[in-house]
Amino acid sequence: MKTIKAYVEANQQRFLDELFELLRFPSVSADPAYSDDVRRTAAYVAQKLRDAGAENVEICATAGHPIVYGEKIIAPDKPTVLVYGHYDVQPPDPLDLWETPPFEPTVRDGKIFARGACDDKGQFYMHVKAFELMQATDTLACNVKFMIEGEEEVGSDNLGIFVKANKERLAADVVLISDTAMISLDTPSLETGLRGLSYVEVEVIGPNRDLHSGVYGGAVANPVTVLAQLIASLHDQNNRITIPGFYDDVVELSEQERESLNAAPFNEAEYKADLGIKALWGESGYTTIERTGIRPTLELNGIWAGYTGKGAKTVLPSKANAKISMRLVPNQDPDKITALFTKHFESLAPEYVTVKVTPHHGGQPAVTPTDSVAYRAAEKAIEEAFGKKPIPTRGGGSIPIVSLFENELGLKTVLMGFGLDSDNLHSPNEKYDIANYLKGIETIPLFHKYFAELS
């Protein structure tokens, strides 16, 4: 551990400077306007893998954005770790809510503010620097393969094709991912599960054109009003989702499992203060930890219609749209949930409008075993680095490729994240603590060490 700490301390500023350079690339995968920037980001990642000592580094073309691959095979009898991460980021909008420009990393109070700082540039780049450290100190204990993609934020559709076509090249013993959170540096944790995802867009269509709200108002149904009514009907008075069959496949945890989950430290007052809210909301009968980890949800992600510019325009819009995400728990299938949602939403449409549901991307929920060699290696690594044994938790987010790796490569995943739930992921002013970034670089080599010893 002394060698690791000494190397990190000696190279700390360079590690930060390289991350800042990576964060300056506006690698927004959802917007075609950023395609050239995404490709430039992939080239930067590939070069940094080469600089760190990786071999056979390749920028692999896909039908969408490229995947960066690299490896270091030290011995065929050593265990192999497949490191996954993504260099693409969410759109930075709304820009006016950022305190500093999203692609100009800024340090305030020991935190790096930039789009992608935590999700996932700062977290996957820890692995590149940890790999460099192990190479430089001659302590690399495992074979390492890197697969860093550019489409995670838009569903990873082309990653599945790549994985299926490259099973031999991607052969490994475990997948290691840092794209999740821990409770805090004082209370380290390991996520043992992630929710799945069904993401759809809905459209309510009324008259064949926008209408004068005075001439036609009161005689023609307003699609915005109808959309609001339909969305409101998707939850009942107990905040349960009203789609028939939605909960049929949900796995209910035992009372003992729920008690164990709720043993994680949680301060409701601090939680509300951090978010600037007076009260919490959610499904009746469950705690906040349960609502964000083991219960499915349906959330409105965006809504638009009519005139939203400055000043007034008295218009009755011809259509209204919304984007909706449903987070799923073990046993819920995203395709089935999407079909149930579509059938239910279409059935709600009154005759004076028509509705259209367009599925986007989705992913299976995942649970990782806590009795595996890889999990125990992660547990030992965190305990040595932090001086505390990590608490097992369930994550509220989704990483659809976890089930892909298990189905196609037969590999389980270790979710060793170093971010925080308060890092403003997908929001303005995304951040990542410098201390977490450096602590991750210190901890990852210990995972490789213990995985080799325990395998």
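Definitions and cut-offs
Throughout, a residue's number is its position along its own chain's written sequence, starting from 1. In view of the model being predicted, local features appear only for residues whose pLDDT reaches at least 70, and side-chain atom pairs are presented and counted only at 80 or more, with totals across whole chains, interfaces and linings using the full set of residues. Note that the side-chain values use all heavy atoms of the structure and ignore hydrogens as well as water. Helix and strand definitions follow DSSP, with helices as H or I runs of at least four residues and strands as E runs of at least two, each counted in order from the N terminus. For this measure, only C-alpha atoms enter the radius of gyration; the expected value for a globule follows 2.2 Å times N^0.38, where N is the number of residues. Think of it in three bands: residues with accessible area under 20% of the maximum for their type are buried, residues over 50% are exposed, and the middle band is partly exposed, with areas taken using a 1.4 Å probe on protein chains only. Only heavy atoms matter for contacts: two residues are in contact if any of them lie within 4.5 Å across the pair. Strand pairing is defined by DSSP finding a minimum of two bridges between the two strands. Under this scheme, a helix contributes an axis fitted over its contacting stretch, all axes are lines through C-alpha atoms, and angles between N-to-C directions fall in the 0 to 180 degree range. Think of it as the arc spanned by the lines of direction from the helix axis to the C-beta atoms. Each polar contact in these results corresponds to two N or O atoms within 3.5 Å; when the atoms are within protein, one needs to be able to donate a hydrogen and the other to accept it, and residues that are neighboring in sequence are counted only if both atoms are side-chain atoms. Each patch groups residues whose relative accessible area exceeds 30% and which form no salt bridge, using 9 Å between like charges and 5 Å between nonpolar side chains of Val, Leu, Ile, Met, Phe, Trp and Tyr. Surface accessibility in these figures is a Shrake-Rupley result with a 1.4 Å probe; residues are shielded only by whichever protein chains are displayed. Counted as salt bridges are all cases of a side-chain nitrogen of Lys or Arg within 4 Å of a carboxyl oxygen of Asp or Glu. Two rings from Phe, Tyr or Trp (for Trp, the six-membered ring) form a pair when their centres sit within 6.5 Å of each other. Planes less than 30 degrees apart are called stacked, planes more than 60 degrees apart edge-to-face, and all others tilted. Our definition puts a charge over a ring when NZ of Lys or CZ of Arg is within 6 Å of the ring centre and also within 35 degrees of the ring normal.

1. Regarding the overall build of the protein chain
Across its full length, the protein chain carries 12 helices and 19 strands. Against the globule reference of 23 Å for 455 residues, the protein chain gives a C-alpha radius of gyration of 23 Å, in line with a compact fold. When its C-alpha atoms are laid out on the principal axes, the protein chain stretches across 80 × 50 × 45 Å. Looking at the protein chain as a whole, 54% of its 455 residues are labelled buried. Considering only intrachain contacts with a sequence separation of at least 6, the fraction spanning at least 24 residues in the protein chain is 79%.

2. Considerations on the sheet that holds strand β10 (residues 196-205)
Ordered by their spatial adjacency, four strands build an open sheet running β12-β14-β10-β15, and the pairing between neighbours is antiparallel. Looking along the sheet, the strands with just one partner apiece sit at the ends: β12 (297-305) and β15 (354-363). Within this sheet the neighbouring strands show an average axis-to-axis angle of 20 degrees, counted without direction. Pairing of β10 with strand β14 (residues 319-328), which is carried by 10 bridges, proceeds in the antiparallel orientation. Of the residues in β14, the one forming a bridge with S198 is M326. In the packing of helix α5 (residues 223-232) onto the sheet, contacts are made with β10, β12, β14 and β15, and the angle to β14 comes to roughly 15 degrees. Helix α9 (residues 334-348) rests against β10, β12, β14 and β15 of the sheet, and its axis sits at about 20 degrees to β10.

3. Observations regarding α5
Those residues of α5 that fall on the buried side of the exposure criterion are P223, V226, L227, L230 and I231. Looking straight down α5, one finds its buried side chains confined to an arc of 130 degrees; they lie on one side. On its buried face, α5 is in contact with β10, β12, β13 (315-316), β14, α9 and β15. With a side-chain oxygen positioned 2.9 Å from the backbone nitrogen of V224, the residue opening α5 is N222.

4. With respect to the sheet that holds strand β19 (residues 431-433)
Overall, antiparallel pairing links the three strands, which are arranged β4-β5-β19 in an open sheet. Whereas interior strands pair on both sides, the edge strands pair on one side only; in this sheet they are β4 (106-108) and β19. Geometrically, the sheet is characterised by an average inter-axis angle of 30 degrees between neighbouring strands, direction not taken into account. Two elements, β4 and strand β5 (residues 111-113), share three bridges in a ladder whose sense is antiparallel. Paired with T106 across the two strands is F113, which belongs to β5. Contacts between helix α12 (residues 434-454) and the sheet are confined to β4, β5 and β19, with β19 contributing the most and set at about 60 degrees to the helix.

5. Concerning a nonpolar patch on the surface
Where nonpolar side chains cluster on the molecular surface, the patch consists of F266, Y271, L275 and I277 and spans about 340 Å² of accessible area. Note that F266 resides in the loop between α6 (255-261) and α7 (268-275).

6. Some words on the environment of T370
Examined against the element boundaries, T370 turns out to sit in the loop between β16 (366-367) and α10 (373-386). Judged by its relative accessible area of 45%, T370 falls in the partly exposed class. It is 18 Å that separates the C-alpha atoms of T370 and I444, two residues lying 74 residues apart in sequence. T370 has contacts with T192 and Y375, leaving out every residue within four places of it along the chain.

7. Some thoughts on the packing of aromatic side chains
All chains considered together, the criterion is met by 11 aromatic pairs. Pairing Y7 with F15 gives two aromatic rings, centres 6.3 Å apart and planes at 40 degrees, and the pair type is tilted. Of the two residues examined, Y7 and F15, each falls in the buried class. Judged by centre distance (5.3 Å) and plane angle (75 degrees), the rings of F246 and Y247 are edge-to-face. Each member of the pair, F246 as well as Y247, carries the same accessibility label: buried. Here the basic side chain of R108 rests over the ring of F113, its NZ or CZ set 3.9 Å away from the ring centre.

On their own, these measurements won't tell you what the molecule is for.
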